[in-house]
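# Commentary on secondary and tertiary structure
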Amino acid sequence: MNTVHSFHRGGADVAQAERAREAAVEAALARLDLDTKARLLSGQDRWSLPGIPEIGLKSLVMSDGPIGVRGVRWSADDPSIALPSPTALAATWDQDLARRAGTLLAQEARRKGVHVLLAPTVNLHRSPLGGRHFEAYSEDPYLTGVIGAGYVEGVQSGGVGTTVKHFVANDAETDRFTVNNVISERALREVYLAPFEAIVENAHPWGIMTAYNAVNGTTMSEHRYLVNEVLRGEWGFDGINVSDWTAARSTKGAIEGGLDVAMPGPQTVYGPALADAVRAGEVERAEVDKAVRNVLRLAARVGILEDAEPVVTHVPGEIDGEALAREIARRAFVLVRNEDGALPLRPGKVALIGAAARDARVMGGGSATVFPTRIVSPLDGLAAVLPEGALSYAVGADPRTELTVADQGFELHAVCRDADGAVIGTCGVPNGQIHWTDSDLPDGVTPDRLHSVELTGTFTPRDTGPHTFGIKGAGAFVLAIDGTTYYEDVQLRDEDDPFSGFFSAPVPRGQAELTAGEAIEVSLVHVVDEVPADDITFTLAHQEPLRDPDELIAEAVDAARAADTAVVVVATTDRVESEGYDRTDLHLPGRQNDLVSAVAAANPNTVVIVNSGAPVELPWRDEVAAVLLSWFAGQECGAALADVLTGAHEPGGRLPTTWGSFADAPVTQVVPESGELPYAEGVFIGYRAWEREGRSPAYAFGHGLGYTDWTYESVTSDGTTATVRLRNSGERAGREVVQVYLAPGQPDTERPTRWLVAFAGVEAGPGESVEVTVGLPRRAFEVWDEGNNTWSFAKGSYEIEVGRSIADRRVRTTVNV
Ligand code: BGC
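Residues numbered from 1 in each chain as written. Predicted model: local features only at pLDDT ≥ 70, side-chain atom pairs only at ≥ 80, totals over all residues. Heavy atoms only, no water.

## Digging into the nonpolar core
To keep things clear, this is the line we draw: The criterion is simple. A nonpolar core is a set of buried Ala, Val, Leu, Ile, Met, Phe, Trp, Tyr and Cys residues joined through side-chain atoms within 4.5 Å. Burial classes: relative accessible area under 20% of the type maximum marks a residue as buried, over 50% as exposed, and values in between as partly exposed (1.4 Å probe, protein chains only). The helix count covers DSSP runs of H or I at least four residues long, the strand count covers runs of E at least two residues long, and both are numbered beginning at the N terminus. Throughout the structure description, domain borders are defined by an automatic or database domain assignment. In what follows, a contact means two residues having at least one pair of non-hydrogen atoms within 4.5 Å.
Counting 98 residues, the largest nonpolar core has Phe-167, Val-168, Tyr-192, Leu-226, Ile-800 and Val-802 as the members making the most contacts within it. With 8 residues, strand S31 (residues 755–764) is the single largest residue contributor to this core. If you count residues domain by domain, this core takes at least three from each of domain 1 (6–302) and domain 4 (708–816). Setting aside its immediate chain neighbours within four residues, Val-168 contacts Asn-123, Leu-188, Tyr-192, Leu-193, Phe-196, Ala-211, Asn-213, Val-215, Met-220 and Leu-226. Membership of the second largest hydrophobic core comes to 60 residues, among which are Leu-57, Met-263, Leu-274 and Leu-296.

## Focus on helix H11 (residues 285–302)
Worth spelling out the cut-off: Helix span, expected: 1.5 Å multiplied by one less than the number of residues in the helix.
Look at H11: 26 Å from first C-alpha to last across 18 residues, which is about the 26 Å you get at 1.5 Å a residue. Gly-303 occupies a position one or two residues after H11 and carries a positive phi of about 85°.

## Brief notes about the packing of helix H16 (residues 549–561) against helix H17 (residues 592–602)
Put simply, the rule reads: Here an axis means a line fitted to C-alpha atoms, over the contact stretch when the element is a helix, while the angle between two N-to-C directions is reported on a 0 to 180 degree scale. Each angle receives one of four descriptions, namely roughly parallel if under 35 degrees, roughly antiparallel if over 145, roughly perpendicular if within 65 to 115, and oblique otherwise. Rotating anticlockwise by less than a right angle from the far helix to the near helix defines a left-handed crossing, while the corresponding clockwise rotation defines a right-handed one. Each residue is assigned to one of three groups, with Ala, Val, Leu, Ile, Met, Phe, Trp, Tyr, Cys and Pro labelled nonpolar, Asp, Glu, Lys and Arg labelled charged, and all others, Gly among them, labelled polar.
One can describe the packing of H16 onto H17 by two numbers: an axis separation of 9 Å at closest approach and a directional angle of 30°. Put simply, H16 runs roughly parallel to H17. By crossing handedness, the relation of H16 to H17 is classed as right-handed. Within the contact between the two elements, H16 uses Ile-553, Ala-556, Val-557, Ala-560 and Arg-561 and H17 uses Asp-594, Leu-595, Ala-598, Val-599 and Ala-602. Looking at the contact of H16 with H17 residue by residue, the class counts come to 8 nonpolar, no polar and 2 charged.

## Some remarks on the pairing of strand S25 (residues 606–611)
Under the convention used in this document: Any two strands between which DSSP finds at least two bridges are classified as paired. Orient the strands so they point away from the viewer, and a crossover whose first-strand-to-second-strand path over the helix runs clockwise is right-handed.
The element S25 is extensively covered by neighbouring structure, given that 6 of its 6 residues are classed as buried. Residue alternation in S25 divides its side chains into two sets, Thr-606, Val-608 and Val-610 and Val-607, Ile-609 and Asn-611, and both sets are buried. Relative to S25, strand S24 (residues 565–571) runs parallel, the two sharing 6 bridges. Each residue of the ladder has a partner; that of Val-567, found in S25, is Val-607. Each parallel crossover has a hand, and the one from S24 via H17 to S25 is right-handed.

## Section: the sheet that holds strand S6 (residues 207–210)
Ordered in space as S4-S6-S9, the 3 strands form an open sheet in which the pairing is parallel. Looking along the sheet, the strands with just one partner apiece sit at the ends: strand S4 (164–167) and strand S9 (240–243). Between one strand axis and the next, the sheet turns by 30° as a mean value, whatever way the strands run. Against the sheet, helix H7 (residues 194–203) contacts S4 and S6, and its axis sits at roughly 145° relative to S4.

## Considering the sheet that holds strand S30 (residues 734–744)
Within the open sheet, the 4 strands sit side by side as S31-S30-S35-S36. Their pairing is antiparallel. Among the strands making up the open sheet, the edge pair consists of S31 and strand S36 (808–816). Put simply, the sheet's adjacent strands are angled 25° from each other on average, direction ignored. Relative to S31, S30 runs antiparallel, the two sharing 9 bridges. Paired with Arg-735 across the bridge in S31 is Glu-763.

## Examining helix H4 (residues 95–111)
Selection criterion: Any pair of nitrogen or oxygen atoms within 3.5 Å is treated as a polar contact; in protein, a donor-acceptor pairing is required on top of that, and neighbouring residues in sequence qualify only through side-chain atoms on both sides.
The end-to-end C-alpha distance of H4 is 24 Å, a good match for the 24 Å that 17 residues give at a rise of 1.5 Å each. For H4, the side-chain oxygen to backbone nitrogen distance between the N-cap and Asp-96 is 2.9 Å, and the N-cap itself is Asp-94. Following H4 by one or two positions, Gly-113 has its phi on the positive side, about 70°.

## Some remarks on the packing of helix H12 (residues 321–332) against helix H18 (residues 637–645)
One can describe the packing of H12 onto H18 by two numbers: an axis separation of 8 Å at closest approach and a directional angle of 50°. The angle between H12 and H18 falls in the class oblique. As for how H12 packs across H18, the hand of that crossing is right-handed. Facing Arg-326, Ala-329 and Arg-330 of H12, the residues of H18 in contact are Ala-639, Ala-640, Asp-643 and Val-644. Residue composition of the contact of H12 with H18, by class: 4 nonpolar, no polar and 3 charged.

## Quick look at the confidence of the model for the protein
Rules: The predictor's confidence in any single residue is recorded as pLDDT, a number from 0 to 100.
Mean pLDDT over the protein: 95, with 97% of residues reaching 70 or higher. Every residue in residues 1–8 scores below 50 in pLDDT, and together they form 22 contacts with partners more than four places removed in sequence or on other chains.

Here you go:
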């Protein structure tokens, strides 16, 4: 792996530039007084740090990733590219593609005036129940580290910083603000810290974000041992440590625990509280200086500190975002089953079925949300490439069992009024969700004058029947549909969750009988009580008329019967997979399983597309001809799907995480008991656990088919590299992900049976052979010695096993190290 520190520069130049930046940082630091330093360490608002003109420091702006750059506004007026979600990026097993994704995101960040991207998320898929898995890469620390390093290198090659997050062990969402994860040092080192360590070593991130949770009794925004000793001390991390949003809990604990910046501002444990603590002798001035130095260094790196040359002086060439989003999506799709070459599609009629085929779920919910300029649904994508008359569509089953954010058919804007009812500002909104801080307020609107926000406009239904409308959020609301007021009251707040307005369930508040195609007026007024102390977060929610589920399935079956191929898109919803909560099972919501079984019974040529960010159970998987996992595939989802279904491209993905049933999943506990979540399984998560239990999942880690075949011919190894020969034995050109696993020669119950140590993508035409050599990292042979608190190289004999997945190993050789 190459470390990208800058473009067009040699090592000596880089070192000299770094020295110059350090000198500029020290000079700036020397000119700051205590109060200004303390203020700098506390956000000035939700997304930025204060600028300090006296020392030539501009305001540093951060934005959420990881699939795009939302910017500082929760608004479709400020759109961003929406790339496939992180599980999809990891499914490409391609560090270079991750690097290109990062480079594109840097371009987006620069366009939007953002200096630091709050990404990537490199927590692990410890249990399949984790609600936020779509936003993390994999169950495997090595794969996570490789993809994460590529991403960081890419973003930073464009002169934009990253904060690798959430350090560490934010692997589930239940009680995420308070949970104490109890983890052995060995599991921490070998599993949970490993991706962070690899990224620090190989990609030199300029930032890290500490998690909400505690590890072994200490909250991560105050974890001196893991932050100051391990991350900074042992690994040499020299970037900024920013808290997760609202995670900083105490002034002294945070500053002494190595936390540089408490976000969001302006009211945090830093600022005046920090200056006072120094004056009271509770906190050393030197601690404050260390943190300020880290902030100034970051500012210098991204080019917002006068007299300091940024790391990147020549930005990479322009990237076509839509084309890259499409390329990553098709390279991420994992074809897990393809009987008798069901895919690519044969010529003939296609019945496309499923609510998500029309309303595609292209990203996961929560802070990872961005607003793209367009979304290509599977229906749009296939309609664009299939001949006229070849495509039919039926809903079949709708997984949305609750109201969702008002979107399809709504044309909305926001109107802000003062206490006298006078309009003080208006703006467009992306959908029925408002999520504003004072910096999002429309032009001319000030927090002190703002009294109410009205979300208003028209709704043109797709279907005739009873439409349900509802509200998510706390406070006073008035809901009127087509001139009738349905609700005028106060919804209460969940005091335990600062983001409940965002993550709670929408409450149905009225039902109106509407006619397809006939626009009606809608209005939801929210009286704002405290700004900016509180964000303005509320949602107008909607649900289409509920049709008889059996009728919907029957309609889809008829469509499938009349077609040569049935393509069924099944999906999770944002109430199943999201930041903010975990899952309780791995079922597809609603009647989707019944739908697939019924369609498969009617048409043996049934292809199922699984639109989820993380594993779901596929009880019908042996009844259908093909299964393609599409993940949350980003804005170009449907176009990429058309590329692979028609065979213009092969699906390129391999599973970054084991897919199996909940009943068989070895690690399922995500709910803490008395505030504690024991990681009792130690290093045995993911495939390590499945293998130890001797259980076979539905689809093994690393599995994924293309449109050609591969014959593995040989592997040789001297213990530091492995050289693999393989041949494309199929009929078309293709790409294979060669996976190298290491298995101790002598079974050792303390260690996994085998683990991923290297991989490489190779391409070859039909009949062609190809040879690839990969490095075997020393760390792959090491175990964490708890007694001596250090790494220990485990000498002995090992099998190097190479193949198509952890369950499909084709060639092997023995090494003694
Ligand atoms: C999330 C972070 C995110 C931050 C800012 C938090 O709730 O955990 O990943 O960067 O909010 O939106």
